[in-house]
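# Residue-level structure breakdown
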Amino acid sequence: MTALATLADMQQAARRRLPKMIFDYVAGGAGDETTLAANRTDFARYRLEQRVLVDCSAQDLSATVLGRALPQPFMAAPVGFLGLCAPRGEQQLAAAARAAGMPVCLSSFSMASIAELRAHSDGPLDFQLYVLTDREVTAALVDAANAAGCGALYVTVDTALTNVRDRDVRNGFRGVSRMTPSMLARFALKPGWSLPMLATGMPSIRALDPYPQFGRGALAQAANLGQRIDRTLSVADLAWLRKRWPGRLVVKGVLSGADAVKAREAGADAVVVSNHGGRQLDPAASAISVLPEVVAAVGPAFEVLVDGGFRRGSDILIALALGASGVLLGRPIAYGLAAGGAAGVARVIEILRAEMMATLALMGLASVAELKARGPAALRLA
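Below you will find a few notes about this structure.

The rules behind the values
- Each chain has its residues counted from 1, following the order in which its sequence is written.
- Local features in this predicted model are restricted to residues of pLDDT 70 or higher, and side-chain atom pairs are both shown and tallied only at a pLDDT of 80 or more, whereas totals for entire chains, interfaces and linings draw on every residue.
- To get the side-chain values, all heavy atoms of the structure are used, and hydrogens and water are removed first.
- Fitted lines through C-alpha atoms serve as axes, helices being fitted only where they are in contact, and the angles separating the N-to-C directions of these axes extend from 0 to 180 degrees.
- Numbering of helices and strands runs from the N terminus; a helix is a DSSP stretch of H or I covering at least four residues, while a strand is a stretch of E covering at least two.
- By definition in this entry, angles of less than 35 degrees are roughly parallel, angles greater than 145 are roughly antiparallel, angles of 65 to 115 are roughly perpendicular, and the rest are oblique.
- The contact rule is simple, with two residues in contact once any of their heavy atoms fall within 4.5 Å.
- As a working rule, the residues Ala, Val, Leu, Ile, Met, Phe, Trp, Tyr, Cys and Pro are called nonpolar, Asp, Glu, Lys and Arg charged, and the rest polar, with Gly in that last group.
- Think of it in three bands: with a 1.4 Å probe and only protein chains considered, a residue is buried below 20% of the maximum accessible area for its type, exposed above 50%, and partly exposed in between.
- For this quantity, the arc is that covered by the directions from the helix axis to the C-beta atoms.
- Within this document, salt bridges are pairs made up of a side-chain nitrogen of Lys or Arg and a carboxyl oxygen of Asp or Glu, the two lying within 4 Å of each other.

## Regarding the packing of helix α1 (residues 7-17) against helix α15 (residues 331-362)
Viewed as axis vectors pointing N to C, α1 and α15 meet at an angle of 170°, and their least axial separation amounts to 10 Å. Classified by the angle their axes make, α1 and α15 are roughly antiparallel. Of the residues in α15, those touching α1 at L7, M10, Q11, A13, A14 and R17 are P332, Y335, G336, A338, A339, G344, R347, V348, I351 and L352. Of the residues that constitute the contact of α1 with α15, the class distribution is eleven nonpolar, three polar and two charged.

Dropping the structure here:
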């Protein structure tokens, strides 16, 4: 794993290991992937402020995010079909995350249920929810997350419908409800991936197994789940969730200050500035470019997280300086998992921590707390 020096190396290792269809599902975006690209390139708007003649020998990356004291200010974002990146992928992620003190947010489109993940790990867990037209199923998913001791419920609000993702269309991965001979043939070309996956049995979205209306197997369940996401979702539904959910309520998929204020007024405890990893509206604003607007709109007392395009420790530090309390990592975690299972995820965390510590020291800062106190003054516009 030490040969994988950067997250870009992890991505290439994942590309080599995964079938093209699975890799493209993880790596791809909507439309011309303009938003996907902007999530990365817009970090170049900022430069870090260098300071010298400061003792930074005692470094501290700890931060408090959503009421949790964490050893580093980043966590695993919800990623659908994560269990297709590696056998029992969610469980491997949970094991690596627990060792690092990193929270995991389980996607509604996961191969493991939240109860299974809790049985596997006593580390910090959260759950990501799509509000469905069937409120009974929605309520059952919320109650299962509560029973598993999840600290936060992330309600995704930017996916009332799924935009066209050209890579998935070309690969025949869009709208299919069962494996086709062509899929099986392509999977067989990657025996290092397919044989271990085959040993785990037919994948399914385990949280939906009790509901026969969603079908059998991950593809049928995902297709039916996507069709049942409520397109009429409004602030009234957030109020309903606020009454039912006792923990932190986080609204994920906000790209404007006005929408962040609406979420706060509906009872949310935090928002995630996110464009769904460039997988929904295209072209849309990058997450990092919208972050200052959202922070200014809701004020310092309201918590703002961010995801989208983070590939370096310096990217995380830019977001923290702009007012984010923490960062969610999606594709980097998926790539690490595909490249090396739990060890790959641990290596991703190790790389980011090392980059953050070196960068903070070169900025004349000893801790994340000092960076947050300095705020935007720690940055320069390019």
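## A word on helix α9 (residues 191-199)
Residues of α9 that are buried: W193, S194 and M197. Considered in projection along α9, the buried side chains sweep an arc of 90° and stay on one side of the axis. Opposite the buried face of α9, at more than 90 degrees from it, the exposed residues are L195 and A199. In this fold, the buried residues of α9 make contact with α1, α2 (20-27) and α8 (181-188). G201, located one to two residues past α9, shows a positive phi value of around 90°.

## A short note on the pattern of salt bridges
Side-chain pairs of opposite charge can arise where the charged atoms are in close proximity. In total, this model carries 19 salt bridges according to the counting rule given. Its salt-bridge partner being R244, residue D143 comes within 2.8 Å of it at the nearest N-O pair. Here the residue D143 occupies a position in helix α6 (residues 135-147), and R244 occupies one in helix α11 (residues 235-244), the gap between them amounting to 101 residues. Accessibility expressed as a relative area gives 34% for D143, which makes it partly exposed. Since its relative accessible area comes to 37%, R244 is described here as partly exposed. Overlapping salt bridges bring together K20, D24, E33 and R167 as one network.

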